[in-house]
Amino acid sequence: MISRLTGKLIEKQPPQIVIDVNGVAYEADVSMQTFYNLPPLNETVQLYTQLVVREDAHLLFGFGTAAERATFRQLVKVSGIGAKTALGILSAMTADELAQAVAQEDVKRLSSAPGIGKKTAERMILELRGKLSGGTVSDGLFAQPQAADETDDIIGTLLALGYSDREARAAVKGIAPGTEVGEGVRLALKNLLK
């Protein structure tokens with residue numbers, strides 16, 4: 001089992017990153033919460049990881065905090081939620097927000113995540129109640145996010161999460177220019193819930 005990686009960040013293309021660990025490059029998929037808190041290329045990064053072994057592939061997933069990884073592990077135990085869907089959920093909301101939505105039985109909030117319908121949201125509440133502890137990327141192990149002032153990055157992230165171009169463009173209206181991309185994505189996702 002690969003539990004954690006520490007190395008040089010050599011590629012960033014959402015949602016995938018590549019980390020060079022002493023000459024061995026590991027490709028990992030990360031949530032958008034983690035992605036927007038990564039340091040610049042060629043800087044050292046440390047991520048918690050989860051290896052998912054399938055018949056046709058070995059997939060490595062990276063997380064900025066142990067709490068985010070623990071939440072991912074709980075999500076993939078829910079019937080009907082695979083690793084990619086779990087990563088999409090953690091891209092749409094932080095581990096804390098997910099734990100709060102489950103505790104408050106907020107079906108609407110949960111079903112706003114890509115790939116999650118009302119029935120799956122209800123199943124999540126039933127199966128995850130009392131099992132999530134939360135945890136934010138701010139307690140992670142890497143540098144502060146880079147500032148970005150282009151709404152194109154925010155729109156691109158929303159498209160990667162499964163929202164339509166129309167939905168993404170509507171969601172970014174009202175977000176102040178110069179807003180950091182990670183914060184902009186969070187604000188846009190909140191706009192989508194209205």
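Use the structure listed above.
Residues numbered from 1 in each chain as written. Predicted model: local features only at pLDDT ≥ 70, side-chain atom pairs only at ≥ 80, totals over all residues. Heavy atoms only, no water.

What should I look at first to understand the nonpolar core in this one?
Within the largest apolar cluster, 55 residues are counted, with the highest numbers of intra-cluster contacts made by Ile17, Leu75, Leu98, Leu110, Met124 and Leu158. For this core, the element with the highest residue contribution is helix α3 (residues 83-92), accounting for six residues. If sequence neighbours within four positions are ignored, Leu75 has contacts with Ile81, Ala86, Ile89, Leu90, Leu98, Met124 and Leu128. (Core = buried A, V, L, I, M, F, W, Y, C linked by side-chain atoms within 4.5 Å. Buried < 20%, exposed > 50% of the residue type's maximum accessible area, 1.4 Å probe, protein only. Helix = DSSP H or I, 4+ residues; strand = E, 2+ residues; numbered from the N terminus. Contact = heavy atoms within 4.5 Å.)

How should the pairing of strand β5 (residues 58-63) be read in this particular structure?
Strand residues, when the strand is regular, have side chains that alternate between the two faces of the sheet. Buried residues dominate β5, accounting for five of its six residues. In the sheet, strand β3 (residues 24-30) pairs with β5 via two bridges, with the strands oriented parallel. Bridge pairing links Val30 to Gly62 in β5. Pairing of strand β4 (residues 44-53) with β5 involves six bridges; the strand directions are antiparallel. Across the sheet, residue Tyr48 finds its bridge partner in β5, namely Phe63. Taking the residues between adjacent antiparallel strands as the criterion, β4 and β5 are bridged by four residues. (Pairing = 2+ DSSP bridges.)

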